[in-house]
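# Structural overview
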Amino acid sequence: MNIRLLKFKAVLLVLFTLLTLQRSSAQISSYNPVWTSQSRNSLESMPLGGGDIGLNVWCENDQIYFYIARSGTFDENNSLLKLGRVKLSLSPNPFSNGTSFKQELHLNEGYMSISTVSNGMTTEVKLWVDVFNPAVHVEVKSQQELSAQASYESWRYTDRVPKGKENNQNSYKWAPQGEVKTWKDQVAFEKNGVEFYHQNQPNTVFDVTVKQQRLDSVKNKLFNPLKNLVFGGRLLGDNFIAADTSAGTYINTPFKSWVLKSKAASKKHQLHLVLQTQHTASISDWKRNLDLTAFNALKQQKESEKRTIQWWNDYWKRSFININSTKADPNSLAWQVGRNYQLMRYMLGCNVSGSYPTKFNGGLFTADPSLTDTTLKFTPDFRNWGGGTHTAQNQRLVYWPMLKSGDFDLMKPQFNFYLSLLKNAEIRSQVYWKHNGASFTEQLENFGLPNPAEYNWKRPASFDPGLEYNAWLEYEWDTVLEFCLMMLETQRYNGTDIKTYIPFIESCLTFFNEHYQYRSRNRGNKALDGEGHLVIYPGSGAETYKMAYNPSSTISGLRIVLTRLLQLPESYLTEERRKEWELMLKKIPAISFREFDGHPTISPAKVWERVNNTESPQLYPVFPWGIYGLGKPGLDTAINTFKYDKDVLKFRSHIGWKQDNIFAARLGLTEDAWNLTSQKLKDSGRRFPAFWGPGFDWVPDHNWGGSGMIGLQEMLLQVDGEKIYLLPAWPKENNVHFKLSAPYKTTVEASWKDGKLEFLKVLPAERKKDVILPK
């Protein structure tokens, strides 16, 4: 009887799992963006991507266009250049007299289709990006014979000189030293296709920055990602030949076009775009590798398509949030929130294998800038706040949601970015201050030095060369601690072996330990305060509370990173290192407090000299550091900070990188959490509903979307050690079905329907005892 019962339960479990997977797949498909009319311009495009490639795809004036972007395509000025634009034309054109039009992004399978019916005959164009090879495939199928023409369009057919605000796309920003030039690409017909590439000039912004920041003596030791960088690719087609060249203008930008045409009319056509990026001084070597990449991509096309579909299938199975999803209701705010969460996660999934992290200011999906701001009549390469410049305060909001979504593979590009910069950051500390540890500033270049414009060219001669002479960024070192914690959390959540990251984490901690003792000794006789604590001065409470003494955000970060480091299994640290970090943990000073109308609140710091921006780092002990929260001591003080701190109230917003929605969720303030999160994740007002922004940055604003994702996750699931809080800040009137990750290789899937918990599935099953149900 017991055996029969066990078998019956096993069958039920299999059936439940199959039904859940089918339900999940159907829910994801219900979020597919579908357009039934053509677009007016490139900003009305749909994103499509995979691996490390992003396309903006749209149909305009009966032609299909797409921009090409790839992770890591930085030019000599550190602009993140697009790789051109492709236009597909069909003749006779089925879109010009079609009786229907449909463009759909198929999320579950990771491809896009554009179709029309003309004279009773259907034509469909399918586009997909290979997750496993740097290739894009375009397939045309029609019930009538069509001729096809594919044009590779480049605005970098000649040298260009960006002026004024256009330099915001590169590392010179508002302070170029002499003329800045974007050097032309090389484009030519090759092997019945169009071959194109950009080769960085020998002298780059790296060289300029090294000299500016007085590091010439160690230049040969510094990592330089721009040196000998070549990137580009080849557009080719099955049975296509070179036709001719032409010229034109799109929006504000002149371009030159290299045209391929099909040898004959046919009911089927295939185009392929193959990309190649490498560091080499030899273009012939780059061309050989491009040939090899193209050969492999085309040879493996059928198998890669199956693997790509499977990759996206698996991606959506491992995590999702569906709100009020029994039927699509685009006019429902709650439904929009659930749909747009998925669309944001889709865009993040397009850079799983990137050589660089997904940029907060547009990711891989920027479009012509004048469509965002009519005064910015620049090329499609433009994005505000730079290409190779990484604003860590914003980047962190793109990457925090990947823990609970279980997307640990997506976090590697961000982690590897920091690993590549470790040596340079350590050299900075040695050269400037003669102590150990990695010095990571805010507004960080992809070679680990401060952005040269933010570092400031107009500096007092006697000013410390290790510091940014900058009212916003001075003494702001602590954003790197959040990435240290993310690395540690992948071990706790997923069991990931993080031994590779331990030297990085330790070096970041070493910097704070040694640097602030160094500063104390320069001021007086003692390295520590009277209680044996570090004196974190001058410090910074984000970009807002400047020249701060013991900022609460830094104190919280050091305390939590040290605590988590010491909680790692014994194999990660020697006994000697463990004792060193235990000693440092004892040196971390206490968080400071202040009162508003008799209400005790967390103070941004012990004291500070001025308020410079509109962040609320006094709530960073709530998020990301989790010192205060549900079930923890001092919750009432943290809630007071959210409710009564006059700066917090004045700065509150849902726009861009604002995190008030996350604070509210972590504090269990359901109404505030929902109002702020739904404002973040509601439709953007642009044709693609998750193209938010520009906010404080650019379109699509990925730290806007990322902070929205974090807030939504925290409303549904929070963790504290082994405790799992289910629906801790969820409005009971909204139905939701979700699956999220928790620490210790745990997944939690639950459905809340009509004010009741419909089902709860926790894996492994023994973790169910740690779940705290909603009251």
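Data block above holds the structure.
Residues numbered from 1 in each chain as written. Predicted model: local features only at pLDDT ≥ 70, side-chain atom pairs only at ≥ 80, totals over all residues. Heavy atoms only, no water.

## Some points on the sheet that holds strand S24 (residues 717-720)
Taken in spatial order, the 3 strands of this open sheet run S24-S25-S29, and their pairing is mixed. Here the strands that pair on one side only, and so sit at the sheet edges, are S24 and strand S29 (771-772). Across the face of the sheet, helix H18 (residues 702-716) comes into contact with S24 and strand S25 (723-726) while running at roughly 75 degrees to S24. (Pairing = 2+ DSSP bridges. Helix = DSSP H or I, 4+ residues; strand = E, 2+ residues; numbered from the N terminus. Contact = heavy atoms within 4.5 Å. Axes fitted to C-alpha atoms, helices over the stretch in contact; angles between N-to-C directions.)

## So, the sheet that holds strand S28 (residues 756-763)
Judged by pairing direction, the sheet is antiparallel, and its 4 strands sit side by side in the order S16-S26-S27-S28 without closing on themselves. Strand pairing shows two members of the sheet lacking a second neighbour, strand S16 (320-323) and S28, which therefore form its edges. Put simply, the sheet's adjacent strands are angled 15 degrees from each other on average, direction ignored. Note: S16 against strand S26 (residues 736-742), 4 bridges, orientation antiparallel. Note on S26: the bridge partner recorded for Ile321 is Phe738.

## Structural notes on the packing of aromatic side chains
Two descriptors summarise a pair of aromatic rings, namely the distance from one centre to the other and the angle between the planes of the rings. Under the defined criterion, the tally for this structure stands at 41 aromatic pairs. Seen from their ring centres, Tyr475 and Trp477 are 6.4 Å apart, and the 80 degrees between their planes marks the pair as edge-to-face. Assigned by exposure class, Tyr475 and Trp477 land together as buried. Here Phe512 and Tyr516 contribute two aromatic rings whose centre-to-centre distance is 6.4 Å and whose plane-to-plane angle is 20 degrees, an arrangement assigned as stacked. With Phe512 and Tyr516 both in helix H11 (residues 502-523) and 4 residues apart, this pair spans about one turn of that helix. Of the two residues, Phe512 and Tyr516, neither departs from the other in class, the shared state being buried. An aromatic cluster is present here, built from Phe74, Tyr356, Phe417, Tyr418, Phe440, Phe483 and Phe504 joined pairwise through their rings. (Phe/Tyr/Trp six-rings, centres within 6.5 Å; stacked < 30°, edge-to-face > 60°. Buried < 20%, exposed > 50% of the residue type's maximum accessible area, 1.4 Å probe, protein only.)

## Observations regarding the side chain of Gln301
Note on placement: Gln301 falls in helix H4 (residues 301-318). Those residues within four positions of Gln301 in sequence are excluded, and the remaining contacts are Trp128, His137, Glu139, Gln270 and His272.

## Description of the environment of Val480
With respect to the secondary-structure elements, Val480 resides in helix H10 (residues 480-494). Using a relative accessible area of 3% as the deciding quantity, one classes Val480 as buried. A C-alpha to C-alpha distance of 7.1 Å links Val480 and Ala392, two positions 88 residues apart in sequence. Not counting chain neighbours up to four residues away, the residues in contact with Val480 comprise Tyr418, Phe440, Phe504 and Cys508.

## A word on the pairing of strand S4 (residues 63-70)
With 8 of its 8 residues buried, S4 lies for the most part within the structure. The side-chain alternation of S4 yields two buried faces, one formed by Gln63, Tyr65, Tyr67 and Ala69 and the other by Ile64, Phe66, Ile68 and Arg70. Pairing of strand S3 (residues 53-60) with S4, which is carried by 8 bridges, proceeds in the antiparallel orientation. Note on S4: the bridge partner recorded for Asn56 is Tyr67. Linking S3 back to S4 in an antiparallel pair, the connection comprises 2 residues, with Asn61 at a positive phi of about 50 degrees. With 4 bridges joining them, S4 and strand S5 (residues 85-91) adopt antiparallel strand pairing. Bridge pairing links Tyr67 to Arg85 in S5.

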